[in-house]
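# Structural features, examined
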Amino acid sequence: MEVIKISPRGYCYGVVDALQIVRKTAKDPQQPRPIYIIGQIVHNRHAIEELTALGVITLDGPDRASILEQVKEGTVIFTAHGVSPLVKQRARERGLNCIDATCPDVTVTHDLVRDLVAKGYYILYIGKKGHPEPEGVLGEVPGHISLIENEADVDALALTPQQQEKLAISTQTTLSQWDTRRVIAYIKEKYPHAEVHIDICAATQSRQEAVVAQAKGADLTIVVGDPRSNNTNRLVQVSEELAGVPAVRIEDLSQLKTEWLQGKKRVAVTAGASTPSQLTREVIRFLEQFSIPDGKSGEHPIPAASPAGQYTMKSEKAKSEGTEQG
Ligand code: SF4
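For every chain, the first residue of the written sequence is number 1, and numbering continues from 1 along that sequence. Where local features are concerned, this predicted model is filtered to residues with pLDDT of at least 70; where side-chain atom pairs are given and counted, the filter is 80 or more; whole-chain, interface and lining totals use all residues.

### Brief notes about the overall build of the protein
Definition in use: Counting from the N terminus, the helices are DSSP H or I runs at least four residues long and the strands are E runs at least two residues long. Here exposure depends only on C-beta density: within 10 Å of a residue's C-beta, 20 or more other C-beta atoms make it buried, 12 or fewer make it exposed, and intermediate numbers make it partly exposed, the C-beta atoms being placed from the backbone. Note on contacts: each residue gets a C-beta atom placed from the backbone, and two residues are in contact if those atoms are within 7 Å.
When helices and strands are tallied, the protein shows 13 helices and 12 strands. Taking all 326 residues of the protein together, the buried fraction comes to 42%. Relative to all contacts within the protein whose residues are 6 or more apart in sequence, the contacts with residues 24 or more apart total 75%.

### Digging into the site of the ligand
What counts is decided by this rule: We call a residue near a molecule or strand when the C-beta position, derived from backbone atoms, sits within 6 Å of it.
In the vicinity of the ligand lie 15 residues, with Cys12, Gly14, Cys103, Thr173 and Cys201 positioned nearest. Those elements that place two or more of their residues in the shell around the ligand are helix H1 (13–27), helix H5 (104–118) and helix H10 (202–214).

### Focus: the sheet that holds strand E2 (residues 35–38)
Sheets are built from strands paired through backbone hydrogen bonds, the pairs being either parallel or antiparallel. The condition is simple: Between any two strands, pairing holds if DSSP finds at least two bridges. Note on definitions: angles span 0 to 180 degrees between N-to-C directions of axes, and those axes are lines fitted to C-alpha atoms, for helices only across the stretch in contact.
Reading across the sheet, the 4 strands line up as E3-E2-E4-E5 and stay open at both edges, with parallel pairing between neighbours. Looking at strand neighbours, the two that pair on one side only are strand E3 (57–59) and strand E5 (97–100), the edges of this open sheet. Strand after strand, the sheet turns through a mean of 25° between neighbouring axes, direction not considered. In this structure, strand E4 (residues 75–78) lies alongside E5, joined through 4 bridges in parallel fashion. Its bridge partner being in E5, Val76 is matched across the sheet by Cys98.

### Details of unusual backbone geometry
At the junction of Ser7 and Pro8, the peptide bond is cis and its omega measures out at 0° in the coordinates. By the secondary structure assignment, Pro8 is in the loop between strand E1 (2–5) and H1.

### Overview of the nonpolar core
Nonpolar side chains in soluble globular proteins tend to be buried together. What counts is decided by this rule: In these notes, a nonpolar core means any group of buried Ala, Val, Leu, Ile, Met, Phe, Trp, Tyr and Cys residues linked to one another through C-beta atoms within 7 Å.
In this structure, Ala18, Val22, Ile38, Ile41, Ile77 and Ile123 are the most contacted members of the largest nonpolar core, which totals 50 residues. Considering each element in turn, this core owes the most residues, 5 residues, to strand E6 (residues 122–126). Among the nonpolar cores identified, the runner-up in size contains 27 residues, and Leu235, Leu256, Val269 and Leu287 belong to it.

### Looking at the sheet that holds strand E11 (residues 247–250)
If you trace the 4 strands from one edge of the open sheet to the other, you get E1-E12-E10-E11, paired in parallel fashion. Strands at the two margins of the open sheet, each flanked by one partner only, are E1 and E11. In this sheet, adjacent strand axes meet at a mean angle of 25° when their direction is disregarded. The pairing of strand E10 (residues 220–224) with strand E12 (residues 266–271) spans 5 bridges and is classified as parallel. Bridging from a neighbouring strand, Thr221 pairs with Ala268 of E12. Against the sheet, helix H11 (residues 230–241) contacts E10, E11 and E12, and its axis sits at roughly 165° relative to E11. In this fold helix H12 (residues 277–289) packs onto E1, E10 and E12, with an angle of close to 170° to the strand it touches most, E12.

### Quick word on the pairing of E10
Stated precisely, the cut-off is as follows: A crossover gets the label right-handed when its path from the first strand over the helix to the second runs clockwise, viewed with the strands pointing away from the viewer.
In terms of burial, E10 is largely enclosed, as 4 of its 5 residues are buried. In terms of handedness, the path from E10 via H11 over to E11 forms a crossover that is right-handed.

### Examining the packing of H10 against H11
Which entries qualify depends on this criterion: Oblique is the label for any angle not under 35 degrees, not over 145, and not in the 65 to 115 range, which are roughly parallel, roughly antiparallel and roughly perpendicular in turn. Here a crossing is taken to be left-handed if its near helix is turned anticlockwise relative to the far helix by less than a right angle, and right-handed if that turn runs clockwise. Think of it as three bins: nonpolar holds Ala, Val, Leu, Ile, Met, Phe, Trp, Tyr, Cys and Pro, charged holds Asp, Glu, Lys and Arg, and polar takes everything else, Gly as well.
Their axes nearest at 9 Å, the elements H10 and H11 cross at an angle of 25°. With respect to H11, the axis of H10 lies roughly parallel. Crossing geometry of H10 relative to H11 is assigned as right-handed. Along the contact surface, H10 presents Thr204, Arg207, Gln208, Val211 and Val212, while H11 presents Asn231, Arg234, Leu235, Val238 and Ser239. When its residues are assigned to classes, the contact of H10 with H11 shows 4 nonpolar, 4 polar and 2 charged.

### Structural notes on the environment of Gly55
Checked against the element boundaries, Gly55 lands in the loop between helix H2 (45–53) and E3. We classify Gly55 as exposed; it has 11 C-beta atoms within 10 Å. Note: C-alpha distance between Gly55 and Ala26 (29 residues apart in sequence) is 7.0 Å. Not counting chain neighbours up to four residues away, the residues in contact with Gly55 comprise Ala26 and Ile35.

### Some details on H12
To be explicit about the condition: Helix span is expected to be 1.5 Å times the residue number reduced by one.
Compared with an ideal rise of 1.5 Å per residue, which puts 13 residues at 18 Å, H12 spans 18 Å between its outermost C-alpha atoms and is within 8% of the ideal. All of the buried residues in H12 are Ser277, Leu279, Thr280, Arg281, Glu282, Val283, Ile284, Phe286 and Leu287.

### Focus on the pairing of strand E7 (residues 145–148)
Note that E6 and E7 share 4 bridges and pair parallel. Looking at E7, one finds that Ile126 is bridged to Ile148. Following the chain from E6 across helix H6 (residues 132–138) to the adjacent parallel E7, one finds a crossover that is right-handed.

See below:
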């Protein structure tokens, strides 16, 4: 079996920085205890487990404000997804030590929407309902912004004549660029004068474009990442819809079903921006073990049980974090 290691894939700089901020905080005895993360620092269970082992408590809940309600003392860390000014203010009012791990690319959007509203714009923000990133951005300019997930949301808008007059479009950082363009085109049909700001981050774009270019011709794409990671789920979608290659998402090697590999000659592998590199390397190494020395790839007898029970990895410590290449 040929394994196509899609590049770039995996950790982006925003995730690497956020994790380093948490590790540094955990090691600093001067930081008030307990140390809490308000929501999942990145959407990856394995990354969270590593931080839990350092004594950092991850709190979860329906939104950032209600998560914060659980904290009475100590340090709170805001995640890479960003947080609304109201949540920051409440944390300060409670006397909590606040550490902000917001990705700079998300901060750009926060600054942009504030600036646009100051100039008199009403904003249509394309993003995913229930995701923490839109929650933080909407919280910057409440009453001056609507969250749009799809065309139906555009149809349901009830904008006042004043709001319609000066409209701007902004976006979540981790969307599919093709879906986003489709929704923007729909908005522009109704509101041709709307000013467009596409804020999909470079890391998300490059990972999606790499799938389109490199997965083509593969029999299957395996996307390693957490089910809550938006950019991971978009990579599955991009493989299927843009590259025309069926795709599966797995959290780690233990979820890889060997029957998926039956008869496959070329399998592409990528990972979401919040997926620890080690998890992807384990999957790639497993797939490479499937390659047949005599070159008859894909005809190798498939083990009966899942790899988790059969395959022992050499102990491997993640050498470095950051975008994986090659
Ligand atoms: Fe930042 Fe983009 Fe990474 Fe999100 S996916 S943390 S916005 S670089």
